[in-house]
Structures are given as structure tokens and as C-alpha cells.
Amino acid sequence: MTGFEQVPPGPPFDPDAMPVEAALTRDRATIRFTWRDGAQAALSASLLRSHCRCAWCTRDRVLGCFPVGFEGITVKHLEPMGGYAVHLAFSDEHARGIFPWAYLRDLAIEAADPEQPAVRHPAEAA
Ligand SMILES: [Zn+2]
């Protein structure tokens, strides 16, 4: 005991952004998320692939050679990383994307059709 306890820093991320469940659909073309507050969302592999923020994709966007779409792409592998993000590998052999949960939740909200929200709270689902 030094009498000088270190107070652990707060998490550098929103712990509520981490879903309680992230499941690949059988066709591997969609990931379904469920959050602790009951919100649910489904994000397609093509949307996720086109929103990859890794250095390579960022560079390709800057160079203007980032693909416009990823028709028919699937998720090969989904691996949670340290509670703040998920690592996704895609069927086009691109496996450098680290997607923070908070980013995925933002994407789900952003991608939501106002008529049919991707993020739905049970109370709102009539
Ligand atoms: Zn990427």
C-alpha cells in the first residue's frame, strides 16, 4: 500500500453503445444488434463495408478509388475486441476494419428509414 491509490480512468467510450447481442444472419449478409436498452438494428454487410474507416479505405476515399457499392458482399468473421469495438472480415478479403460499437450504433441511427427506423425501441414498436 502506498496510500496513493490510482483512480482508474473512466472508459474512453460509451459503455451503453456495446450491444448485448451482435449476430450474423444465416446468409451472412446482415448483422443484427440488440442493445441493453432494448433498441435493435440490422446493418447490411454492404453498408458496413462501405463505411469501413480503416487507413486503407480512408486512403482510397481520398484518392477517389473507393468502390461505390459492395453488392453481394457478406461478413466472413465477426470478433468483438476489448468491449469497445468489433473486428469485421468481409468476403472481399478485406479484414482491416475495426468498428467501434458507438460508430455502429450511430450508423444504425443514420441508416434508419424514418418510416421504418432501423433502431427501434420496444415502446415505439406498435
Ligand atoms: Zn477498410
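What counts, and at which threshold
- Here the residue index of a chain counts from 1 through its sequence in written order.
- Residue-level local features of this predicted model are given only where pLDDT is at least 70; pairs of side-chain atoms are given and counted only at 80 or more, and the full residue set underlies all totals for whole chains, interfaces and linings.
- Neither water nor hydrogens contribute to the side-chain values; these are computed over all heavy atoms in the structure.
- Only strands joined by at least two bridges in the DSSP assignment are considered to pair.
- Every helix listed is a DSSP run of H or I at least four residues long, and every strand listed is a run of E at least two residues long, numbered separately from the N terminus.
- Lines fitted to the C-alpha atoms define the axes, with helices restricted to the stretch that makes contact. Angles between their N-to-C directions range from 0 to 180 degrees.
- The contact definition used throughout considers only heavy atoms, calling two residues in contact when any of these lie within 4.5 Å.

Strands pair in a sheet through their backbones, by hydrogen bonds, and they do so in one of two ways: parallel or antiparallel. Read from one edge of the open sheet, three strands run β1-β2-β3, paired in antiparallel fashion. The open sheet has two edge strands, β1 (21-24) and β3 (40-44), and neither has a second partner. Ignoring which end each strand starts from, the neighbouring axes of this sheet average 20 degrees apart. One ladder, built from five bridges, connects strand β2 (residues 30-34) with β3; its direction is antiparallel. Within the sheet, the bridge partner assigned to Thr34 lies in β3 and is Gln40. Set on the sheet, helix α3 (residues 101-110) makes contact with β1, β2 and β3; between it and β3 the angle comes to about 90 degrees.

Across six bridges, strand β4 (residues 75-81) lies against strand β5 (residues 85-90) in antiparallel orientation. By the bridge assignment, Pro80 is partnered in β5 with Val86. Two successive antiparallel strands, β4 and β5, enclose a turn made up of three residues, where Gly82 displays a positive phi of approximately 55 degrees.

All we've got here are geometric facts, nothing functional implied.
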